[in-house]
Amino acid sequence: MSARRRIHDSFEQAVQSAVSAFGAEVTPKLRGSGWQEDQLRGPLENMIRSVCRGLGLDVTLIGEVPLVDMGARPDYAVEVGGALVGYIELKKPGSQADPSVNTGRNAEQWAKLRLLNNVLLCDGNEFSVHQQGQQIGEVAYLRGSVLTSGARLTPADGALARVLYDFLTWEPQTPRTTSQLIRAVAGLCQLLSEEVGEAIEQEKSRRRLPAFTKLAKDWRHLLFPEATDAEFVEQYGQAVVFALLLARVEEITFEGETMHSIATKLGKKHSLMGQALDALAGDSVAGLSTTLNTLLRVIGAVRWDVLDDGTGDAYFLLYEHFLHIYDPDLRIRTGSYYTPRGVVSAMARLVEDVLRREGFRIPSGFASPDVVLVDPAMGTGTFLLSALELAAETIAEEEGPGAVGPRLREMVGRRLVGFEMQVGPFAVAELRMHAMLKQYGSAAPSQGLRLLVADALDSPTAEFNWIPHTYRALAESRRQANQVKRDERVMVVMGNPPHDAVSRGAGKWVERGEPEADIPPRWGPSGNPVTVGTSRRSPTFTSTSGAGPRGRSSTHTTTRHSVWSR
């Protein structure tokens, strides 16, 4: 008999022995008057420990882990060798371990629990394992009943050994494609956001001490004054997930680290995302340990060298694929339809041609120190990156390949500006720009990139008094955005902002101005820029048109005085 066969037989025998002991312990307890589900707990713990001894595993079961009381609270978190492997959900005998038969409250609970990556479902007589929302194999049954069989209880076949093995030996797999990565994290991101939404409702009704309502208030104060609680909740999960993904791009390991220590390491290169992660999910934020610990385990297995085939598609497609799985409705509400790279490239070349022609007479195009470029809704940064690529071509031709790195460093630190309201695409834009700079033998300057989490339409007059150190980078992003809107002499505005049917006044300060601050409107009722100053070189404005069905685009270019120049 082979060693592998002996191990298999030994494990099945260990399972049979553990089930018999489980029956002997649980049947007398179930004859009492207590809640049947509660009577399963102690005997099941002993059974799991006994099975783990058969596998040589060191197991810890942690009872009643929280999901912010969303009507779903796994009975146990299970750690093997100190690492979280999954969760156990107990139901009273007769409830069945097939969630497809659930109705009412059980169905509502399962809709939450299925978003966790590894769940063992058990009613005492039946067992099933579910990973990333999918049932793995068949339901395993016991021969006999926990209500009557006692020590005679046995597995009906080898299915229980397989279910327990699959559950206890689960490890997050390293995703090999962007789609695999998104499927692994999108459900957890959704669960995290739903937890925060429920927590805010509980805090408003004073059933929970205020924490997330304060975070939402700070988010509005520092970044988006008009954001609702629902919009904050939408951004919360994305901010945490994409900050962790960015940390893995920087090869920050998660094992043995706290969320605060991960955020601190991330903040050394990506200050805004590091501080956002610490503020939103740091060690001081209580009640989210179940989902956050699972996210750390899943995202900790991500290796970008496996995902990235050198084409840049892994980064380029990341957020669009994420929204498609995570929340298609959010994609529609935010207009998150990303312009194809071929269209962006054509638009960027068109703008550069305009810059070089008579009227501007800037032969270096985007590479010229005179050209400041703003994308007011940059998404994942494709327009800015196209301009950077064209500038690199020009610099190499005019000054030689050795000049490309230093000149691009100057360009991204001074003349390339992007605004983005959603933290997910902002993080992707940051990592794409860092990757492109590395490709050209360059790097971001010490003061960082001019990519900003901000609303281009918010008033540029808001200023801050004292800001806690924890929020310094977030406040700095909005401060820089306000400075650009008030004072920057912008040569080119290029991008594809979300288009939809909007009423007059939706342009906020750009349309209405700020009379109290003596700032006139920047855009007239005719839809043309308002001249607020003169310049020998009148800037160019390029965007895709929102006309026609969603996803289709055309381009238009107009030459006017700068929207933001004074």
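Everything below is about the structure shown above.
Rules used in this analysis
- Residues numbered from 1 in each chain as written.
- Predicted model: local features only at pLDDT ≥ 70, side-chain atom pairs only at ≥ 80, totals over all residues.
- Heavy atoms only, no water.
- Helix = DSSP H or I, 4+ residues; strand = E, 2+ residues; numbered from the N terminus.
- Buried < 20%, exposed > 50% of the residue type's maximum accessible area, 1.4 Å probe, protein only.
- Contact = heavy atoms within 4.5 Å.
- Axes fitted to C-alpha atoms, helices over the stretch in contact; angles between N-to-C directions.
- Parallel < 35°, antiparallel > 145°, perpendicular 65-115°, else oblique.
- Left-handed = near helix turned anticlockwise from the far one by under 90°.
- Arc of directions from axis to C-beta.
- Phe/Tyr/Trp six-rings, centres within 6.5 Å; stacked < 30°, edge-to-face > 60°.

*Asks:* Before we go on, may I ask you to explain the environment of glutamate 389 in this structure?
*Replies:* One can find glutamate 389 in helix 16 (residues 382–399). The exposure class assigned to glutamate 389 is partly exposed, which follows from its relative accessible area of 33%. The spacing of glutamate 389 and serine 345 is 44 residues in sequence and 9.5 Å in space, taken between C-alpha atoms. For glutamate 389, the residues in contact, after removing those within four places along its chain, are Met436 and Tyr440.

*Asks:* Where do I start with the packing of helix 9 (residues 271–281) against helix 19 (residues 472–487) in this structure?
*Replies:* In helix packing, the relevant descriptors are the interaxial angle and the interaxial distance, both defined with respect to the helix axes. Where helix 9 meets helix 19, the closest approach of the two axes is 8 Å, and the angle between their N-to-C directions is 130°. Relative to helix 19, the element helix 9 lies oblique. Crossing hand, helix 9 versus helix 19: left-handed. Across the interface between the two elements, Ser271, Leu272, Gln275 and Ala276 of helix 9 pack against Arg472, Ala473, Leu474 and Ser477 of helix 19.

*Asks:* Would you mind going over helix 3 (residues 104–113) with me for this structure?
*Replies:* Every α-helical turn comprises 3.6 residues, leaving residues that sit three or four positions apart pointing alike. Of the positions making up helix 3, those classed as buried are Gln109, Trp110 and Leu113. All buried residues of helix 3 project into a common sector of 100° when viewed along the axis, lining one side.

*Asks:* Which parts of the structure should I look at to understand the packing of aromatic side chains?
*Replies:* The geometry of an aromatic ring pair is captured by the separation of the ring centres together with the interplanar angle, meaning the angle of the planes. With the rule as written, the count across this model stands at 4 aromatic pairs. When the ring of phenylalanine 212 is compared with that of tyrosine 236, the centres are 5.9 Å apart and the planes differ by 80°; the resulting orientation is edge-to-face. Taken together, the residues phenylalanine 212 in helix 6 (residues 212–222) and tyrosine 236 in helix 7 (residues 229–249) connect sequence positions 24 residues apart. Relative accessible area serves as the criterion here: at 0%, phenylalanine 212 is assigned to the buried category. On the basis of relative accessibility, which here comes to 0%, the residue tyrosine 236 falls in the buried class. Ring geometry for tryptophan 219 versus phenylalanine 232: centroids 5.9 Å apart, planes at 65°, classification edge-to-face. Here the residue tryptophan 219 occupies a position in helix 6, and phenylalanine 232 occupies one in helix 7, the gap between them amounting to 13 residues.

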